[in-house]
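Residue-level structure breakdown
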Amino acid sequence: MNDKIYLAKLLRKYIKDFEKEVLFVCVGTDKNTGDALGPMVGTLLKKEGFTNVMGTLLNPVHAKNIHEAVKIVNKEHKDKVVIAIDASITKDINHVGLIDIKKEPLLPGTGVGKNLPKIGDIRIVGIINSYKEGDEFFALENTRLGKVYNLAVQIVDIISLAIDKNNDKENTNIEIAS
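What you see is a predicted model, and the numbers here were worked out from it, not measured in a lab. Numbers given to residues run from 1 along each chain, matching the order in which its sequence is written. Two thresholds apply to this predicted model, a pLDDT of at least 70 for residue-level local features and 80 or more for giving and counting side-chain atom pairs, whereas whole-chain, interface and lining totals are computed over all residues. Note: side-chain values were computed over all heavy atoms of the structure, leaving out hydrogens and water.

1. Re helix α1 (residues 4-18)
Counted at 1.5 Å a residue, the expected span for α1 with its 15 residues is 21 Å, and the 22 Å between its end C-alpha atoms agrees. Starting at the N terminus, helices and strands are each numbered in turn, a helix being any DSSP run of H or I of at least four residues and a strand any DSSP run of E of at least two. Trailing α1 by a residue or two, E19 shows a phi angle of about 50°, which is positive. Take the number of residues in a helix, subtract one, and multiply by 1.5 Å to get its expected span.

Here you go:
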């Protein structure tokens, strides 16, 4: 189970370390249910009023265009802390449904053997399914949309607790009780 308050505090702490505006880069594709987590989060963030978002269901950042996205981020958004969001798969079925936040770049495609450029200063991954060796793509393609949506909503809730959507910076208006 994900402790939203703990994860929001963690995210807020990581953002505070950078003291910059936030840019969300939501990685994945709408063509694959399991890999739609990132674009689904991006779409929900936009709906919630966040403005600095790359990667939505209608305009995804995926394996074929991530090199261009990295160039844009490095050229036009050097002044922002980049939070990269993506789906992940695991061999441990007990980790399915968990959200992991780390102060490190995202390495998209790693779970399916792709060699894509790293992106971000902070990464948020939602573990959407488990797999057996050699079945990575099967696991992504056979993930229930409801599970992906549920994780997307949880990630957006965590972000909304941690960040003020009016200026995409640390949310200092909401006190998170321990």
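2. Some thoughts on the confidence of the model for the chain
Per residue, pLDDT measures the predictor's confidence, with a range of 0 to 100. In the predicted model, the chain carries a mean pLDDT of 88, and 90% of its residues have values of at least 70. Only heavy atoms matter for contacts: two residues are in contact if any of them lie within 4.5 Å across the pair. Under a pLDDT of 50 for its full length, residues 170-178 has, in the predicted model, 23 contacts with residues more than four places off or in other chains.

3. Describing the packing of helix α2 (residues 37-48) against helix α5 (residues 145-162)
All axes are obtained by fitting lines to C-alpha atoms, using only the stretch in contact for helices, and the reported angles, taken between N-to-C directions, cover 0 to 180 degrees. Running from amino to carboxyl end, α2 crosses α5 at an angle of 45°, the nearest separation of the two axes being 9 Å. Judged on the interaxial angle alone, α5 and α2 are oblique. Along this stretch, α2 crosses α5, giving a crossing that reads as right-handed. Packed against α2, whose contacting residues are L37, M40, V41, L44, L45 and E48, the element α5 presents L145, V148, Y149, L151, A152, V153, I155, V156, I159 and S160 at the interface. Should an angle lie under 35 degrees it is considered roughly parallel, over 145 roughly antiparallel, and from 65 to 115 roughly perpendicular; all remaining angles are considered oblique. Two helices that cross are described as forming a left-handed crossing if the nearer one is turned anticlockwise from the farther one by less than a right angle, and a right-handed crossing if clockwise.

4. Brief notes about the pattern of salt bridges
Put simply, a salt bridge is a Lys or Arg side-chain nitrogen that is within 4 Å of an Asp or Glu carboxyl oxygen. A complete count under the given rule lists six salt bridges for this structure. A salt bridge links K102 to D100; the nearest nitrogen and oxygen atoms lie 3.1 Å apart. Buried means the residue's accessible area, taken with a 1.4 Å probe over protein chains only, is under 20% of the maximum for its type, while exposed means over 50%, and partly exposed covers the values in between. Here D100 falls in the partly exposed class, since its relative accessible area comes to 23%. With a closest N to O distance of 2.9 Å, D100 and R123 form a salt bridge. With D100 in strand β4 (residues 99-102) and R123 in strand β5 (residues 122-130), this residue pair connects regions lying 23 residues apart in the sequence. Residues joined in a network through salt bridges with shared partners are D100, K102, E104 and R123.

5. Observations concerning the packing of aromatic side chains
Two aromatic rings from Phe, Tyr or Trp, using only the six-membered ring of Trp, form a pair when their centres are within 6.5 Å; if the ring planes differ by under 30 degrees the pair is stacked, by over 60 it is edge-to-face, and anything between is tilted. All chains considered together, the criterion is met by one aromatic pair. Relative to F50, the ring of F24 lies with its centre 5.6 Å away and its plane at 85°, an arrangement referred to as edge-to-face. Of the two residues, F24 is situated in strand β1 (residues 21-26) and F50 in the loop between α2 and β2 (53-54); the sequence distance between them amounts to 26 residues. F50 gets classed as buried once you look at its relative accessible area, which sits at 3%.

6. Considerations on α2
Here α2 contains twelve residues, and its C-alpha end-to-end distance of 16 Å stays within 8% of the 16 Å for a straight helix at 1.5 Å per residue. Packing partners of the buried residues in α2 comprise β1, β2, β3 (80-90), β5 and α5.

7. Brief notes about the environment of G126
One can find G126 in strand β5. Judged by relative accessible area, which is 0%, G126 ranks as buried. Note: C-alpha distance between G126 and N94 (32 residues apart in sequence) is 13 Å. If near-sequence neighbours (up to four positions away) are discounted, G126 is found in contact with L37, D86, A87, S88, L98, L151 and I155.

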